[in-house]
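Now for the letters of each chain:
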Amino acid sequence: MKKYFGFFVAAGTLLLTWAMTALAKRYGDILDAFYPYVTRWGQKILAGISSIFPFTLWQVLAVLLVLLLFGSLGLVIWKKRSIIRWLGWVLAVVSLGWCAHVGIYGLNFHASALSQDIRMEKVDLTQADLENALIFFRDQANALAEKLPRDENGNLLYEDFDALAQKADDGYRNLIKEGYSVFAGSLLPPKKLAWPWLYNAMGVCGIAMALTGEASVNPKIPPMSIPFVMCHEMAHRMCIATEDDANFAAFLACLANEDPQFQYSAYYMAYRYCYGALLSSGSGQAAAAAARIDLEVNSYLRYDLKVYDRFFSGKHNALASAVADTANDAYIKLSGDENGTESYNRVSVSLVNWYLEVMVKPYVEEENLPGFDPLDKDFIHGILGGNG
């Protein structure tokens, strides 16, 4: 019986995890009443503890666990002990870790959507809505791309990682002042991921680790995406669990930040996501609209788009990237989001709804204006005050 005790522990722990998840799915309204607040408080405590260390604590712990795993296996083989018993305890430790993750964070996948928390109405979208939003994001990105400093080759001269990390909380603070308590979690600066070459190969931009309360970012990704990724990982630490909601939170936080480096990151990423959404709709009409809108991307934004594409196409290792994508997809689905890694791209729905509610609805109601025509530039430029 001793030989299989670890397997029993693992089975019992996984059963407990399943029970927690099943209750969260069934009683989502009750969950919303307390769980996000408790877990944000917990993440705040863990983040405070891990902030004592100048490095990313979870990475060090992960290395120690791997060394312990192989060291214990070697000892078992040397001592001629039961490998089955060793495997049982390995499974027990893994299941206990997963249970702890789900308990202190993972049930947020079943909490209400961010749009509901910030009281943003979501409507059924048309292709015209997506085109209008894409035009808006393009024009805002165009304008900021011209103003930001660059070197003689056209590369953006963003501040270094640490300087940006110290400013990453500003947008969230402004959102909290506006009454959005969903962002009242840990505002500690995100940390650098060690061994960025490894995460470049896997195509990983950032990781939030609930067990240590750390938001960590790959410092070697293209500069225009760093502020957005910082705010994305901070959103996860605020217990905004789904990837599309974390992306939307990052957009709102970057936009609410007074630093144009963050604002550009918001509009730049919004343009990328909405452009991809329009292309992925699969119709020839949508592809033609996307191409037409893309024609008016200015030379600065065009250069930044190419820098981003070249970086990720050039840095990826096919095998490492496939393993990382598969693991991330499995994690997201196991956590309760059936969309898997596709959930990142679903942020386009929230972005377009934000555009309709914040940029369009007030003008339409005030002026009793007709609906938008994506091809009517005079109308679009008129309501934006000529900022396009």
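The shown structure was predicted, so the numbers you read here are calculated from the model rather than taken from an experiment.

Asks: Just checking my understanding: could you explain a positive patch on the surface for this structure?
Replies: On the surface, a cluster of positive charge is made up of Lys2, Lys79, Arg81 and Arg85. Relative to the helices and strands, lysine 2 resides in the segment before α1 (5-26).

Asks: I tried to follow the sheet that holds strand β2 (residues 206-209) on my own but got confused; where do I start?
Replies: What links the strands of a sheet is backbone hydrogen bonding, and the strands pair in either a parallel or an antiparallel sense. In spatial order, the strands read β1-β3-β2; together these three strands make up an open sheet with mixed pairing. Of all strands in the sheet, those with a lone pairing partner are β1 (191-192) and β2, marking the two edges. Relative to strand β3 (residues 214-217), β2 is paired through four bridges, and the arrangement is antiparallel. Looking at the pairing, glycine 206 lines up with valine 217 of β3. Strand contacts of helix α3 (residues 57-79): β1, β2 and β3, with the helix running at about 90° to β3, the strand carrying the most contacts.

Asks: Looking at this structure, how should I read unusual backbone geometry?
Replies: The backbone of lysine 80 sits at a positive phi, close to 60°, despite the residue not being glycine. Position of lysine 80 relative to the elements: it lies in the loop between α3 and α4 (83-104). In this structure, tryptophan 195 takes a positive phi of about 55° despite not being glycine. Within the secondary structure, tryptophan 195 sits in the loop between β1 and α8 (196-202). Relative accessible area serves as the criterion here: at 38%, tryptophan 195 is assigned to the partly exposed category.

Asks: It is not clear to me how α3 should be interpreted in this structure. Could you clarify?
Replies: Given 3.6 residues per turn, any residue in an α-helix points the same way as the ones three and four places further on. Taking 1.5 Å as the rise per residue, α3 with 23 residues should run 33 Å; its terminal C-alpha atoms sit 32 Å apart, in good agreement. Of the positions making up α3, those classed as buried are Leu57, Trp58, Gln59 and Val76. Buried residues along α3 sit against α2 (28-50), α4, β1, α8, β2 and β3. Two residues or fewer after α3 comes lysine 80, characterised by a positive phi angle close to 60°.

Asks: Where do I start with the layout of surface pockets in this structure?
Replies: Where empty space is left can be seen by rolling a probe of water-molecule size over the atoms. In this model, the second largest pocket occupies a volume close to 580 Å³. The wall of the second largest pocket is formed by 31 residues, among which Ala111, Ser112, Ala113, Leu114 and Asp117 lie closest to the centre. Those elements that provide at least two residues to the lining of the second largest pocket are α2, α5 (114-117), α10 (243-256) and α15 (347-367). A per-element tally of the lining of the second largest pocket places α2 first, with five residues.

Asks: Mind showing me how you'd approach the packing of helix α6 (residues 127-147) against helix α12 (residues 284-294) here?
Replies: What describes two packed helices is the angle between their axes and the distance between those same axes. Direction vectors running N to C along α6 and α12 enclose 15°, while the axes themselves pass 10 Å from each other. The angle between α6 and α12 falls in the class roughly parallel. Seen from above, α6 lies across α12 with right-handed handedness. Each of Gln127, Glu131, Leu134, Ile135 and Arg138 in α6 lies in contact with α12, whose residues at this interface are Gln285, Ala286, Ala289, Arg292 and Ile293. Per-class residue counts for the contact of α6 with α12 are five nonpolar, two polar and three charged.

Asks: Got a minute to help me understand the packing of aromatic side chains in this structure?
Replies: Aromatic ring pairs: the centre-centre distance and the angle between the two ring planes describe each pair. Applying the stated criterion to the full structure yields 22 aromatic pairs. Relative to tyrosine 331, the ring of tryptophan 98 has its centre 6.1 Å away and its plane inclined at 85°; by these criteria the two rings are edge-to-face. A residue pair is termed long-range when its members are at least 10 positions apart, and tryptophan 98 in helix α4 and tyrosine 331 in helix α14 (residues 318-335) qualify at 233 residues. According to the relative accessible area criterion, tyrosine 331 is partly exposed, its value standing at 25%. One aromatic cluster is present, formed by Phe136, Phe137, Phe248, Phe251, Tyr267, Trp354 and Tyr355 through successive ring pairs.

Asks: Teacher, can you tell me more about the pattern of salt bridges here?
Replies: Where charged atoms from two side chains of opposite charge come close, those side chains can pair. Scanning all chains against the criterion turns up 11 salt bridges. The partner of arginine 173 in a salt bridge is aspartate 169, with the nearest N and O atoms 2.6 Å apart. Of this pair, arginine 173 and aspartate 169 both sit in helix α7 (residues 161-177), four residues apart, which is roughly one turn of that helix. On the basis of relative accessible area, arginine 173 is assigned to the partly exposed category, the value being 40%.

Asks: It is not clear to me how the packing of α10 against helix α11 (residues 260-280) should be interpreted in this structure. Could you clarify?
Replies: The contact between α10 and α11 brings their axes to 7 Å, and the two run at 145°. At the point where α10 passes α11, the crossing takes the left-handed sense. Here Asn247, Phe251, Cys254 and Leu255 of α10 come into contact with α11, specifically with Phe262, Gln263, Ala266, Tyr267, Ala270 and Tyr273. Residues that form the contact of α10 with α11 fall into these classes: eight nonpolar, two polar and no charged.

Asks: Help me understand the confidence of the model for the protein, please; the structure alone is not making it clear to me.
Replies: One rule of thumb: low pLDDT means the predicted coordinates there are not for detailed reading. With 93% of its residues at a pLDDT of 70 or more, the protein has an overall mean of 91. Below pLDDT 50 for its whole length, residues 379-388 participates in 23 contacts with residues either more than four positions away or in separate chains.

Procedures and definitions
Residues numbered from 1 in each chain as written. Predicted model: local features only at pLDDT ≥ 70, side-chain atom pairs only at ≥ 80, totals over all residues. Heavy atoms only, no water. Patch = residues over 30% accessible without salt bridge, like charges linked within 9 Å, V, L, I, M, F, W, Y side chains within 5 Å. Areas by Shrake-Rupley, 256 points an atom, 1.4 Å probe, with all protein chains shown as cover. Salt bridge = Lys/Arg side-chain N within 4 Å of Asp/Glu carboxyl O. Lys, Arg positive; Asp, Glu negative; His and termini not counted. Charge placed at Lys NZ, Arg CZ, Asp CG, Glu CD. Helix = DSSP H or I, 4+ residues; strand = E, 2+ residues; numbered from the N terminus. Pairing = 2+ DSSP bridges. Contact = heavy atoms within 4.5 Å. Axes fitted to C-alpha atoms, helices over the stretch in contact; angles between N-to-C directions. Buried < 20%, exposed > 50% of the residue type's maximum accessible area, 1.4 Å probe, protein only. Expected span 1.5 Å × (residues − 1). 1 Å grid on protein atoms, 1.4 Å probe; cavity = no way out; pocket = protein on both sides within 12 Å on 5 of 7 lines; lining within 4 Å. Points joined across faces, edges and corners; volume = space filled by probe spheres on them. Parallel < 35°, antiparallel > 145°, perpendicular 65-115°, else oblique. Left-handed = near helix turned anticlockwise from the far one by under 90°. Nonpolar A, V, L, I, M, F, W, Y, C, P; charged D, E, K, R; others polar. Phe/Tyr/Trp six-rings, centres within 6.5 Å; stacked < 30°, edge-to-face > 60°. pLDDT = per-residue confidence, 0-100.

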